[in-house]
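Below, each chain spelled out in residue letters.
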There are 4 protein chains.
Amino acid sequence: MRVFTEERDWGQFHDPKSLILALVGEVGELAELFQWLPADAAVDRAREDRLHERAGEELADVLIYLVRLADVLDIDLADAALRKLRGSSARFPAEEVRGQAPDKS
Amino acid sequence: MRVFTEERDWGQFHDPKSLILALVGEVGELAELFQWLPADAAVDRAREDRLHERAGEELADVLIYLVRLADVLDIDLADAALRKLRGSSARFPAEEVRGQAPDKS
Amino acid sequence: MRVFTEERDWGQFHDPKSLILALVGEVGELAELFQWLPADAAVDRAREDRLHERAGEELADVLIYLVRLADVLDIDLADAALRKLRGSSARFPAEEVRGQAPDKS
Amino acid sequence: MRVFTEERDWGQFHDPKSLILALVGEVGELAELFQWLPADAAVDRAREDRLHERAGEELADVLIYLVRLADVLDIDLADAALRKLRGSSARFPAEEVRGQAPDKS
């Protein structure tokens with residue numbers, strides 16, 4: 001993504017706020033693919049070729065802007081995710097929260 | 001993430017629509033970190049320890065739900081991103097689009 | 001909202017991109033309220049006092065930034081919505097689309 | 001919007017989670033209109049006919065789903081917004097916060 005950006009001289013557009021808006025745009029396209037599907041049918045429907053491919057493209061777009069944003073912010077994304085997951089494992093002990101939806105509010 | 005989910009029996013909550021909403025929640029927290037910063041100061045401000053750490057946590061949360069969603073949808077996220085990037089390279093030849101913002105509309 | 005902003009001299013922060021990010025932040029908080037609720041239980045659960053109040057607050061926040069954004073962009077929001085709804089009525093004739101989810105893709 | 005929905009028998013699709021995803025889709029389209037514009041040029045560019053009209057359409061779409069969601073959740077949106085604005089006026093006294101960006105974190 002860094003090479004792709006430099007070859008096109010697009011770094012000038014990639015300030016954090018613009019990249020977050022681009023990320024939001026892709027998340028919006030992802031949401032549109034699933035919005036009207038019945039919740040309990042979504043996984044099955046996503047096995048069909050067309051939706052599977054479309055969903056893959058939108059997930060990819062989200063990842064691409066996420067990686068680019070991490071690069072611009074000088075954040076090691078994989079390391080951050082592993083640390084977050086370790087933190088969540090400690091905060092939500094399996095034996096205590098088993099089967100209950102986490103309450104964010 | 002898959003192990004983390006299974007240990008807590010949280011797979012029952014992870015249908016695609018719910019996971020996209022969780023992703024939206026994390027993107028929203030990311031947006032809040034940057035919303036009022038002047039666009040041209042955001043990168044510098046994100047070098048400060050506190051914002052750097054908070055941004056890392058929010059990017060991590062987005063990645064975690066993205067990876068989980070890809071798993072639920074049986075999508076190879078890395079492969080999808082590489083294919084998307086190859087497609088974009090072909091659609092936007094460097095010599096033609098150099099320095100121009102891509103027009104999505 | 002305009003008076004509220006001027007009294008605090010916050011107009012300097014309210015460029016369109018910043019306001020959209022603020023809107024995204026509020027939509028994210030709204031999403032978090034509903035993300036883990038079973039789809040078919042969400043309306044009933046939202047009748048409970050606490051969630052009803054929280055949802056009202058988040059919907060309000062979204063509306064507030066939306067109205068502020070329309071003001072900054074010099075857009076008559078009510079007029080735009082009525083025109084959009086008339087357009088959708090023409091594009092989706094009731095007798096043709098009755099009971100079918102609209103396909104955006 | 002309620003009449004529009006009933007005429008098409010689309011109420012069956014309008015559970016809260018689906019409507020939030022639809023809202024997210026429209027916010028994403030709004031974000032895409034502004035993502036690559038320089039922050040300090042966005043208001044001027046939005047005076048141009050094409051962007052002004054597109055922005056109006058996307059703001060309208062966001063409002064339409066927001067109003068529909070409020071209806072489904074039995075929330076008085078205007079009342080909620082006025083109460084929220086009164087609360088914010090009390091929380092952020094003009095003389096104390098004048099000219100400072102509100103800190104959400």
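Here the structure is a predicted model, which means the values were calculated and not measured.

Draft legend 1. Representation of the overall build of chain A in the model. Helix and strand counts for chain A come out as six helices and zero strands. Walking chain A from its N terminus toward its C terminus, one meets helices and strands in the order α-α-α-α-α-α. Based on the C-alpha atoms only, the size of chain A along its principal axes is roughly 50 × 35 × 25 Å. For chain A, the proportion of its 105 residues judged to be buried stands at 56%.

Draft legend 2. Spotlight on the packing of aromatic side chains. Under the defined criterion, the tally for this structure stands at 12 aromatic pairs over all chains. Geometrically, the ring pair formed by Tyr 65 of chain A and Trp 36 of chain D is tilted, given 6.1 Å between the ring centres and 45° between the ring planes. Highlighted residues: Tyr 65 of chain A in helix α4 (residues 49-72) and Trp 36 of chain D in the loop between α2 (16-34) and α3 (42-45), drawn from two different chains. For Tyr 65 of chain A, a relative accessible area of 14% puts it in the buried group. Relative to Phe 92 of chain D, the ring of Trp 10 of chain C has its centre 5.7 Å away and its plane inclined at 70°; by these criteria the two rings are edge-to-face. Of this pair, Trp 10 of chain C sits in the loop between α1 (2-7) and α2 (16-34) while Phe 92 of chain D sits in the loop between α5 (77-91) and α6 (94-97), placing the two residues on different chains. Following the ring pairs from residue to residue traces out a cluster consisting of Phe 4 and Trp 10 of chain A together with Phe 92 of chain B.

Draft legend 3. Seen up close, the interface of chain A and chain B. At the junction of the two partners, chain A supplies 62 residues and chain B supplies 62 residues. Together, the buried faces of chain A and chain B total about 5100 Å²; carbon and sulfur atoms form 74% of this surface. Taken together, chain A and chain B are joined by two salt bridges. Among the ionic pairs, Lys 84 of chain B bridges to Asp 61 of chain A, the shortest N-O distance being 2.6 Å. There are 21 residue pairs in polar contact (both at pLDDT 80 or more) connecting chain A and chain B.

Draft legend 4. Layout of the interface of chain C and chain B. On the chain B side, the residues contacting the 17 residues of chain C number 17 residues. Here chain C packs against chain B, burying approximately 1300 Å² in sum over the two surfaces, 65% of which is carbon and sulfur. One can count two residue pairs in polar contact (both at pLDDT 80 or more) joining chain C with chain B. When residues in the side of chain C that touches chain B are grouped by element, the largest group, 12 residues, is from α2 of chain C. Partitioning the side of chain C that touches chain B into residue classes produces nine nonpolar, five polar and three charged.

Draft legend 5. Inspection of the environment of Ala 101 of chain A at higher detail. By the secondary structure assignment, Ala 101 of chain A is in the segment after α6 (94-97). Here Ala 101 of chain A is in contact with Phe 13 of chain B together with Trp 36 of chain C, once residues within four sequence places are set aside.

Draft legend 6. Just the packing of helix α2 (residues 16-34) of chain A against α2 of chain D, in detail. Where α2 of chain A meets α2 of chain D, the axes come as close as 7 Å, and the angle between the chain directions of the two elements is 140°. Relative to α2 of chain D, α2 of chain A is oriented so that their crossing is left-handed. Residues Leu 21, Val 24, Gly 25, Glu 26, Val 27, Gly 28, Glu 29, Ala 31 and Glu 32 of chain A of α2 of chain A form the contact with α2 of chain D, whose participating residues are Leu 21, Val 24, Gly 25, Glu 26, Val 27, Gly 28, Glu 29, Ala 31 and Glu 32 of chain D.

Draft legend 7. Region of interest: the packing of helix α2 (residues 16-34) of chain B against helix α4 (residues 49-72) of chain B. Residue and element names in this part refer to chain B. Two elements in contact, α2 and α4, have axes separated by 9 Å at closest approach and are oriented at 165°. Considered as vectors, α2 and α4 are oriented roughly antiparallel to each other. The two elements α2 and α4 cross, and the hand of that crossing is left-handed. Contacts from Pro 16, Leu 19, Ile 20, Ala 22, Leu 23, Glu 26, Val 27, Glu 29, Leu 30, Leu 33 and Phe 34 in α2 reach Leu 51, Arg 54, Ala 55, Glu 58, Leu 59, Asp 61, Val 62, Tyr 65, Leu 66, Arg 68, Leu 69 and Val 72 in α4. Tallied by class, the residues present in the contact of α2 with α4 amount to 17 nonpolar, no polar and six charged.

Draft legend 8. Looking closely at the relation of the copies chain C and chain B. When chain C is fitted onto chain B, the two copies agree to an RMSD of 0.0 Å after a turn of 180° and an axial shift of 0.0 Å. What we have between these two chains is a two-fold relation. Across chain C, the smallest distance between a C-alpha and the rotation axis is recorded for Gly 28 of chain C, namely 2.2 Å. The residues that chain C uses at the interface reappear at the interface of chain B in 100% of cases, marking a shared surface.

Draft legend 9. Representation of unusual backbone geometry in the model. The backbone phi angle of Asp 9 of chain A is positive, close to 55°, even though this residue is not glycine. Following the sequence through the fold, Asp 9 of chain A ends up in the loop between α1 (2-7) and α2.

Draft legend 10. Main features of the pattern of salt bridges. Considering all chains together, one arrives at 32 salt bridges over all chains under this definition. Where Arg 47 of chain C meets Asp 44 of chain C, a salt bridge forms, and the shortest distance between an N and an O atom there is 2.6 Å. The salt bridge involving Arg 68 of chain D is made with Asp 71 of chain D; its shortest N-O contact spans 3.4 Å. With Arg 68 of chain D and Asp 71 of chain D both in helix α4 (residues 49-72), this residue pair falls three residues apart, about one helical turn.

Draft legend 11. Representation of α5 of chain D. If you check α5 of chain D, its first and last C-alpha atoms are 21 Å apart, about what 15 residues at 1.5 Å a residue would give, namely 21 Å. Regarding α5 of chain D, the residues found buried are Leu 77, Ala 80, Ala 81, Lys 84, Leu 85 and Ser 88 of chain D. For α5 of chain D, the angular spread of buried residues about the axis comes to 135°, placing them on one side. Facing away from the buried side of α5 of chain D by more than 90 degrees, the exposed set consists of Leu 82, Arg 86 and Ala 90 of chain D. Residues of α5 of chain D that are buried make contact with α1 and α4 (49-72) of chain C together with α4 of chain D. Its side-chain oxygen placed 3.4 Å from the backbone nitrogen of Ala 78 of chain D, Asp 76 of chain D serves as the N-cap of α5 of chain D.

Draft legend 12. Fine view of the environment of Ala 78 of chain B. All names here are of chain B. Note that Ala 78 resides in helix α5 (residues 77-91). Residue Ala 78 is classed as partly exposed on the basis of its relative accessible area, which comes to 46%. On a C-alpha basis, the gap between Ala 78 and Ser 89 in space is 17 Å, while along the polypeptide they are 11 residues apart.

The rules behind each value
- Residues numbered from 1 in each chain as written.
- Chains lettered and ligands numbered in written order.
- Predicted model: local features only at pLDDT ≥ 70, side-chain atom pairs only at ≥ 80, totals over all residues.
- Heavy atoms only, no water.
- Helix = DSSP H or I, 4+ residues; strand = E, 2+ residues; numbered from the N terminus.
- Buried < 20%, exposed > 50% of the residue type's maximum accessible area, 1.4 Å probe, protein only.
- Phe/Tyr/Trp six-rings, centres within 6.5 Å; stacked < 30°, edge-to-face > 60°.
- Contact = heavy atoms within 4.5 Å.
- Buried area = accessible area lost by both parts, 1.4 Å probe.
- Salt bridge = Lys/Arg side-chain N within 4 Å of Asp/Glu carboxyl O.
- Polar contact = N/O pair within 3.5 Å; in protein donor to acceptor, adjacent residues only side chain to side chain.
- Nonpolar A, V, L, I, M, F, W, Y, C, P; charged D, E, K, R; others polar.
- Axes fitted to C-alpha atoms, helices over the stretch in contact; angles between N-to-C directions.
- Left-handed = near helix turned anticlockwise from the far one by under 90°.
- Parallel < 35°, antiparallel > 145°, perpendicular 65-115°, else oblique.
- Least-squares fit on C-alpha atoms with pLDDT ≥ 70 in both.
- Expected span 1.5 Å × (residues − 1).
- Arc of directions from axis to C-beta.

Purely geometric numbers; function is a separate question.
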